[in-house]
Structures are given as C-alpha cells and as structure tokens.
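This is what each chain is made of:
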Amino acid sequence: MLRFRLVPLLLFFCAFAVAQERTITILTQNAFDGRGGVLRNVRIEIRGDKIVSVNKQTGAPTLATYDLRGFTVLPGWIDSHAHPTWHFGPNGHFGEKDELPERATLQAEGNAWRTLLSGFTTIQSLGSLEDVPLRDAINHGVVPGPRILTAINPLTDEKLTQEQIRDFVRKVKADSGDVLKIFASRSIRQGGVRTLSDEQLKVACDEARAQGLRSVVHAYKDAVKASADAGCTEVEHGSLTTDDDLREMASHGTWFDPQVGLVIHNYLDNKEKFLGAPGYTEEGFAKMQEVLPLNVEMFKRALRTPGLKIVFGTDAVAGAHGRNAEEFIYRVKDGGQDPMAAMVSANSLAAQAMNLDKEIGSLSPGMQADIIALDGDPTKDITAVRRVVFVMKGGIVYKDSR
Ligand SMILES: [Zn+2]
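Described in the following lines is the structure provided in the data block. Think of each chain on its own: its residues are numbered from 1, step by step along the sequence as written. Since the coordinates come from a predicted model, pLDDT governs what is reported: local features require at least 70, and pairs of side-chain atoms require 80 or more to be given and counted, while whole-chain, interface and lining totals use all residues. To obtain the side-chain values, all non-hydrogen atoms of the structure were used and water was disregarded.

### Side note on the pairing of strand β4 (residues 42-47)
Piece 1. Only strands joined by at least two bridges in the DSSP assignment are considered to pair. For helices the rule is a DSSP run of H or I covering at least 4 residues; for strands it is a run of E covering at least 2, with both sets numbered from the N terminus onward. Relative to β4, strand β1 (residues 23-27) is paired through 5 bridges, and the arrangement is antiparallel. Bridge assignment links I24 to a residue of β4, and that residue is I46.
Piece 2. Sheet topology note: the β4/strand β5 (residues 50-56) ladder contains 6 bridges and is antiparallel. Across the sheet, residue R43 finds its bridge partner in β5, namely N55.

### Regarding the coordination of the zinc ion
Piece 1. Surrounding the zinc ion are the protein donor atoms H81 (NE2), H83 (NE2) and D315 (OD), at 2.1 to 2.2 Å.
Piece 2. All donors of the zinc ion belong to a single chain; written as a sequence motif, their spacing is H-x1-H-x231-D. Highlighted residues: H83 in the loop between β8 (77-82) and α2 (101-117) and D315 in the loop between α10 (282-303) and α11 (326-334), separated in sequence by 232 residues. Like D315, H83 is buried. Donor atoms: N, O and S within 2.8 Å of the metal, or within 3.2 Å for Na, K and Ca. Because water is excluded, sites can look incomplete. A simple rule labels every residue: compare its accessible area, found with a 1.4 Å probe on the protein chains alone, to the largest value its type can have, and call it buried under 20%, exposed over 50%, or partly exposed in between.

### Quick notes on the packing of aromatic side chains
Piece 1. Here is the rule: rings of Phe, Tyr and Trp (six-membered ring for Trp) pair when centre to centre is within 6.5 Å. Planes less than 30 degrees apart are stacked, more than 60 are edge-to-face, and the remainder are tilted. Scanning the model with the defined rule gives 15 aromatic pairs in all.
Piece 2. Arranged with centres 5.2 Å apart and planes meeting at 45 degrees, the rings of W77 and F120 form a pair that is tilted. On the criterion of sequence distance, the pair formed by W77 in strand β8 and F120 in strand β9 (residues 120-125) is long-range, its members being 43 residues apart. Each member of the pair, W77 as well as F120, is classed as buried.
Piece 3. On the basis of an interplanar angle of 50 degrees and a centroid distance of 4.9 Å, the ring pair of W77 and F328 is categorised as tilted.

### Notes on the side chain of T25
Piece 1. Relative to the assigned elements, T25 resides in strand β1.
Piece 2. The class of T25 is buried, set by a relative accessible area of 8%.
Piece 3. Contact criterion: two residues are considered in contact whenever any of their non-hydrogen atoms come within 4.5 Å of each other. When neighbours within four sequence positions are excluded, T25 is seen to be in contact with R43, I44, E45, L63, A64, T65 and Y66.

### Focus on the sheet that holds strand β15 (residues 371-374)
Piece 1. Pairing within the open sheet is mixed, and its 6 strands lie in the order β3-β2-β7-β15-β16-β17. Each of the sheet's edge strands pairs with one partner strand only, and the pair in question is β3 (38-40) and β17 (396-400). Ignoring strand direction, the axes of neighbouring strands in this sheet form an average angle of 20 degrees.
Piece 2. Relative to β15, strand β7 (residues 72-75) is paired through 4 bridges, and the arrangement is antiparallel. Considered in β15, the bridge of T72 is made with L374. Think of each axis as a best-fit line through the C-alpha atoms, taken over the contacting stretch in the case of a helix, with angles from 0 to 180 degrees between the N-to-C directions.

### Brief notes about the pattern of salt bridges
Piece 1. Each salt bridge in this description consists of a side-chain nitrogen of Lys or Arg and a carboxyl oxygen of Asp or Glu lying within 4 Å of one another. Enumeration according to the criterion identifies 29 salt bridges in this entry.
Piece 2. Residues E45 and R43 are paired through a salt bridge, measuring 3.3 Å at the closest nitrogen-oxygen approach.
Piece 3. By relative accessible area, which is 17% here, E45 ends up buried.
Piece 4. Accessibility expressed as a relative area gives 21% for R43, which makes it partly exposed.

### Considering the layout of surface pockets
Piece 1. Considering only enclosed or pocket space, the largest pocket measures out at about 1,100 Å³ in volume.
Piece 2. Taken together, 47 residues line the largest pocket, and the ones lying closest to its centre are H83, W86, F94, Y280 and V317.
Piece 3. At the level of elements, α2, α3 (131-139), β11 (179-183), α8 (262-269) and α10 are the ones that each hand at least two residues to the lining of the largest pocket.
Piece 4. The greatest single-element share of the lining of the largest pocket, amounting to 4 residues, is contributed by α2.
Piece 5. Per-class residue counts for the lining of the largest pocket are 22 nonpolar, 18 polar and 7 charged. Definitions used for this entry: grid spacing 1 Å over protein atoms alone; cavity, a set of points where a 1.4 Å probe fits but cannot get out; pocket, an open set with protein on both sides within 12 Å along at least 5 of 7 lines; lining residue, one with an atom within 4 Å of a point. Grid points are joined across faces, edges and corners, and a volume is the space filled by probe spheres set on the points. Each residue gets one label: Ala, Val, Leu, Ile, Met, Phe, Trp, Tyr, Cys and Pro are nonpolar, Asp, Glu, Lys and Arg are charged, and the others, such as Gly, are polar.

In structure tokens, the structure reads:
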C-alpha cells in the first residue's frame, strides 16, 4: 500500500525540482561568442548545466546573479593536448618509482583542479591509464576538474601487424577511450624519427573511424603528410615539417595542433626535475633547445597556409598544469597569431575538432554553461589570459575572485 502512495509523491517532488531549477543570470559588457564575434551588453541566462538565452540587454540592467560587466566574458577554453596525470614525485623529480599510488592520484586531481581554475573547462588527455578514474570522478562530481577526453593507451608499437593494430584500436574503444592517440614518430628528444609505416597508419586511422573514434597522431617531419594522407583526424606537434606537408593537411581537412612555446619552455625551466627519467637526457634537452625557434617559425608558416585548421593544444606536462594559457601568449607574441583567432582556436574550433561543437565552445542557447571571465581584454593585451577571475563549468561556479 505504502508503495502506491509513495509513487505519486515522488513524481510530485521530481516535477517540483525541475520547475524550481534556479535560473542564473550573467550580465556582460564585452563578451566573445567563441566563433570570433564580439557581443556587446548581453545578458546570459543559465538553467541547470546549460545556457538558455543570450540576449541584448536593453534599458536599465536587470538584477543579475553575476555582474561581469567590466570583464571579458568568453566560453571556457579547450586544451586539445594535455597530460593531467603527469607530476613531480615526493622528491621533486619526474618519474620517481617510490611514490605511493595515493599521492599520484592526489597530484593528478590537483592538476585537474589547477587546470579548471585557470579557465580550461575541457581538456583532451593523450593519454594515460590513470585518466579513466580521474575522468569518471570529475564527471560524477566526486572531484572538481575540467571535462576530460582521454586516449587511455597510445598506439606506439611499430612491430604490430595490421590485425594487431585493429585489435589495439578496438581495445581502446572497449576500455571507454574517447579518442585514439598514435605515435608515428619518436619523441623530438630522440630525433623525431618515423616509426609507423604508411600502411600501419592507414589501418589504425581506418579502424578508429570504424569504431567511431577520432585519431590523433603525434607526428614530425614526413609523418605529418603521411598522417594526412592516411585520413587521420588530427596531427599533434608537426615540428620540422615543410610547407608541402602543411598544405597536405589543409587539403585533407586534417586538424593541426602545433605547440609554440609552453611545453619546451616548461621542460627547459624544470630541466633538473626531468633529467634522469627515462628518455630525458642532456642530449634530449639540447634537441629541445634546438627545436624551440624552429617550432615558432613552423607555426608562422602554418598560419600562412590557406585553409589549415589550427586548434589550441599545450601538451601540458608536469610543471605546466594551471599555466596552460601561457601558450596563448607564445602564439600571439612569438608566433604572430591574431589574438581573437587564438581564442577561437581554444573555443569553437577545438570543439569542432572533437565533434563537440553542439555542446561546448560557444556562447549560445543550448550549449553547456562553460563560461569564464578575464580581467582585461586579450585582443588588446594577450597577457589578460593570465587573469582568469571567474570560472563556471556546466552551470556550477568554481571560481569567482573578482
Ligand atoms: Zn603529449
């Protein structure tokens, strides 16, 4: 009997909860729509985790939950390439063996928290096994952090047969991977030489497509063109490429995620903390120093390549989490990118590259309420990206330090 009386009562409470969902209002003066447009004096309404309206504010301002006039308001940034689980161990060095797993978990959570506070509401991790519990804990509201898409386990083994490559890709999918990461070249510290063949790349990217996964390829030199020709979704890094390689990506519609400064500067600044870990040698650091100006020069050529779709990605490793926005400054100041184009590369363009443009990356009705505010206007002074004073993700405010 009791059960029958409870059901309508519960339904009543559910309906009540929906009807009572609070509307949050944000007033803005200077807002970027995430697609390159500037919105003047708009009022953003949020219900639950979504933006429900973006309207011109006319007449006297209405009562707002958050009055962000005087700041620059824009969609939360998206970092297409980060490594949130990478951190320094208890003795301050990268890759320490004697670390408690509990400490490693806390460090990864701390990295996610710092990244969110610095204005990044979505990141793509390329990738580690520890990403999965971190991603799921954030999604379930257990710990705060940006939305994480992960590659879990990258494809690196050049000895795999075509069938083994297909199995590998299917396993990434079965393990709940969001994207396939492929290494077609070795690290730049090891000279960036080619690993996977044209055929292996094609099999990997074809199988990813068949599994509904995007394929993102770590590639230098001729591996860039090979990745574009193999129909892979996106190329990471792209150091030491030619203009022909860049044009090849543009003609195939391959997304390009180059790094201009943060990752190498961070390595050089923290050299003593990385030296000695596997793959981090004096020789490797000399290579990075050598490639740094070449990356800037390559980025300039990429910007001049007609039709090339450039997204924002930092390759943030230990020491760089929470400083992801520094890459904007390198791109604009050293690389000469237009500041608004730099913003768009981390908003609607990055969302498009992830097939998430119906959910994130722009300020419009129906989108996730991922909204940040900067003290200053990055189109006038790019260092404003360092002054994130407000962070909302999915309608929840994580930072308000106005
Ligand atoms: Zn990386």
